[in-house]
Amino acid sequence: MSQIFYSKDHEWVAVEADGLATIGITAHAQEALGDIVFVELPELGRNVAKGEACAVVESVKAASDVYAPLTGTVAEVNQAIVDAPAKVNEAAEGEGWFFKLRLQDPAGLTELLDRAGYDEFLSTLA
Amino acid sequence: MAKTPLDALHRRLGARMMEFAGYEMPLQYQGIMAEHLACRAGAALFDVSHMGQAEIAEIEAFSRLVPGDIAGLKPGRQRYTLLLNETGGVLDDLMVANLGAHVQVVLNASRKEADVAHMRGHGVDVTTRFDRALLALQGPKAVEILPEAAHLKFMDAAPVRIADIDCIVTRSGYTGEDGFEIGCAGFDGEALAELLLARGATPAGLGARDSLRLEAGLCLYGNDIDEGTNPVAAGLGFALSKKRLADGHFLGSKAVNKALAEGTTESLVGIKLEGRAPARAGAEIRLPGGEAVGRVTSGVFSSTLNAPIALGYVRADCAKIGTALDLIVRDKPLAGTVSALPFVPHNYVR
């Protein structure tokens, strides 16, 4: 069983018991971006700090950065969304995940939101 | 922020709105790509009421501000032309239609107030009709949706009555497809749009309009052309009348003739990119060896070609079709090639 957290940068984080965290963008983020045509993912083994820009999504119209919601080392990337970026639109919070981090400091999780907290944050964005 | 006469309709249709040239405009309804493809395969309806419609009764003074043969424009015909400044820079690009009693001009939203001031400053008597609505119905099925205007050919202009609404229709547009631009009184705009949607047009926003015009190789004022752009460098030579160039009786004629005679230091080119990452306006253009030779002015992911495309200015000796270029995005070079324009063939009914 994994626990899911959300960032105010509109990423989701699913944390496994072994400290491996799967990261993607939220359904809200993919909706706001529109048709996604290109994804650039971080290199395997790269150490990323919380808040660091480490992936890029391009929609037809604009480019956006994806920020690391936690500090860790890139352990896996989802090549499927590089090959078929529309997957992110279809299943942002599932098959359209971006990368997995081996977390350095799981304590950072406490600064993320739970689902109710994220929904409440979204409702303030009008 | 200003609203067009179709504002309530956009909201009813669930549009995502954006600011453009001081107006709240629909960016998209169902999504840019779907709307783009609907225009290429069927018919899309755009609200372009933010553009400025105006009438000019006496064309002599107006003619002195544009390089097109406006005096030679026959009644019922439309032409693309440019407002130039003294140094040959493009103040605006516009459509001019001869409607008999007067010519109608359609000005870019971001430029319309400045255009009118410029024209009036040069003695042109302009009557603004900025409260009118303007709809663009574009795509291979446009004529099925608007049989009332089927008698028009590409760049014809005529008054047409559409279900009791008095309209000025031109067979033209900004997508490369067959289609119409339809002007009517602002208070009739919503009913006209509802009618065209009921006949099967797909509502489309400025996002699709931008990707469509870029595929069609058409310049966007403010991105690809501006007051510092010589029309020759922008590839707008087709808008320069030989007769007018020879008589030289228009503002900027010296600079334009000089550019034609001597060439320009840079040229606007189309660029097809390898891979999937688009290069956006502002990206530096380099030769594969690293030498900087230009900049991107518009870039988008082409839904038709399923690949990124761009317009940009490059040093004149790098403008040949087939020239390999690097476009710098996030500090990395993306490989591209100078490509013939339009990227997607035009589909006009002449």
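Visitor: Just give me the short version of the domain arrangement of chain B, but keep the residues and values in it.
Guide: Residues and elements named next belong to chain B. Along its sequence, chain B is carved into domain 1 (2-49 + 132-215), domain 2 (52-127 + 230-264) and domain 3 (265-339). The straight-line distance from the C-alpha centre of domain 1 to that of domain 2 is 25 Å. Contact with domain 1, which involves 14 residues of that partner, is made by 14 residues of domain 2. Together, the buried faces of domain 1 and domain 2 total about 1200 Å²; carbon and sulfur atoms form 55% of this surface. Taken as a group, Met155, Ala157 and Ile168 account for 41% of the area that domain 1 buries against domain 2, more than any other trio of residues on that side. The residue Arg77 makes a salt bridge to Asp156 at a minimum N-O spacing of 2.7 Å. Summed over the shared surface of domain 1 and domain 2, the number is nine residue pairs in polar contact (both at pLDDT 80 or more). Within the residue set of the side of domain 1 that touches domain 2, elements represented by two or more residues are strand 10 (133-138), strand 11 (157-162) and strand 12 (165-170). For the side of domain 1 that touches domain 2, a count of residues per class yields nine nonpolar, three polar and two charged.

Visitor: I'd like to hear about the sheet that holds strand 9 (residues 126-128) of chain B, residue by residue, with values.
Guide: All names here are of chain B. Pairing is antiparallel across the open sheet formed by five strands, whose spatial order is 6-7-8-5-9. Strands with a single pairing partner mark the edges of an open sheet, and in this sheet they are strand 6 (78-84) and strand 9. Going from strand to strand, the sheet's axes swing by 30° on average, the running direction of each strand aside. Inspection of the sheet shows strand 6 paired to strand 7 (residues 90-98) by seven bridges, in the antiparallel sense. The residue of strand 7 that forms the bridge with Arg79 is Val96. Lying over the sheet, helix 4 (residues 112-121) contacts strand 5 (52-56), strand 6, strand 7, strand 8 (103-107) and strand 9, oriented at roughly 155° with respect to strand 9.

Visitor: Would you mind going over the interface of chain A and chain B in detail, with residue names and values included?
Guide: At the interface, 15 residues of chain A touch 17 residues of chain B. The largest share of the area that chain A buries against chain B comes from Val37(A), Val60(A) and Lys61(A), three residues that together contribute 44% of it. Counting across the chain A and chain B interface gives four salt bridges. The partner of Lys332(B) in a salt bridge is Glu40(A), with the nearest N and O atoms 3.2 Å apart. At the boundary of chain A and chain B, one finds ten residue pairs in polar contact (both at pLDDT 80 or more). Of all elements in the fold, only helix 1 (27-33), strand 4 (36-40) and strand 6 (53-59) of chain A reach the threshold of two or more residues within the side of chain A that touches chain B. Each residue belonging to the side of chain A that touches chain B can be placed in one class, and the counts come to nine nonpolar, one polar and five charged.

Visitor: A description of the packing of aromatic side chains should follow, citing residues and the corresponding values.
Guide: Across all of its chains, the model carries four aromatic pairs over all chains by this definition. Ring geometry for Tyr118(A) and Phe121(A): centres 6.4 Å apart, planes at 35°, overall tilted. Taken together, the positions of Tyr118(A) and Phe121(A), both in helix 4 (residues 115-123) and three residues apart, correspond to about one turn of that helix. Across the pair, exposure class does not vary: Tyr118(A) and Phe121(A) are buried alike. On the basis of an interplanar angle of 25° and a centroid distance of 5.6 Å, the ring pair of Tyr80(B) and Phe238(B) is categorised as stacked. In this pair, Tyr80(B) sits in strand 6 while Phe238(B) sits in the loop between helix 7 (206-215) and helix 8 (242-247), placing the two residues 158 residues apart along the sequence. Taking the relative accessible area as the measure of exposure, Phe238(B) reaches 61% and is therefore exposed. Among the aromatic residues, ring-to-ring pairing joins Tyr6(A), Tyr118(A) and Phe121(A) into one connected group.

Visitor: Give a description of the side chain of Asn108(B) that names residues and reports values.
Guide: All names here are of chain B. Inspection of the secondary structure puts Asn108 in the loop between strand 8 and helix 4. The buried category is assigned to Asn108, whose relative accessible area is 15%. A polar atom in the side chain of Asn108 sits 2.7 Å from the side chain of Asp92.

Visitor: Tell me what's going on with empty space enclosed by the protein, and back it up with residues and numbers.
Guide: All names here are of chain B. Evaluated as defined, the whole model comprises two cavities of 30 Å³ or more. Space inside the largest cavity adds up to approximately 60 Å³. Lining of the largest cavity is provided by Leu6, Leu9, His10, Leu13, Tyr29, Leu45, Phe46, Asp47, Ala193, Leu197 and Pro203. When residues of the lining of the largest cavity are traced back to their parent elements, those giving at least two are helix 1 (7-12), strand 4 (44-47) and helix 6 (189-198). In terms of residues, the lining of the largest cavity owes the most to one element, strand 4, which gives three residues. A class-by-class count of the residues in the lining of the largest cavity yields nine nonpolar, one polar and one charged. Of the voids in this model, the second largest cavity is the one considered here, and its volume is about 50 Å³. In terms of lining, the second largest cavity is formed by Gln53, Gln78, Gln104, Val106, Leu134, Ile168, Thr170, Glu181 and Gly183.

Basis of the calculations
Residues numbered from 1 in each chain as written. Chains lettered and ligands numbered in written order. Predicted model: local features only at pLDDT ≥ 70, side-chain atom pairs only at ≥ 80, totals over all residues. Heavy atoms only, no water. Domains from an automatic or database assignment. Contact = heavy atoms within 4.5 Å. Buried area = accessible area lost by both parts, 1.4 Å probe. Salt bridge = Lys/Arg side-chain N within 4 Å of Asp/Glu carboxyl O. Polar contact = N/O pair within 3.5 Å; in protein donor to acceptor, adjacent residues only side chain to side chain. Helix = DSSP H or I, 4+ residues; strand = E, 2+ residues; numbered from the N terminus. Nonpolar A, V, L, I, M, F, W, Y, C, P; charged D, E, K, R; others polar. Pairing = 2+ DSSP bridges. Axes fitted to C-alpha atoms, helices over the stretch in contact; angles between N-to-C directions. Phe/Tyr/Trp six-rings, centres within 6.5 Å; stacked < 30°, edge-to-face > 60°. Buried < 20%, exposed > 50% of the residue type's maximum accessible area, 1.4 Å probe, protein only. 1 Å grid on protein atoms, 1.4 Å probe; cavity = no way out; pocket = protein on both sides within 12 Å on 5 of 7 lines; lining within 4 Å. Points joined across faces, edges and corners; volume = space filled by probe spheres on them.

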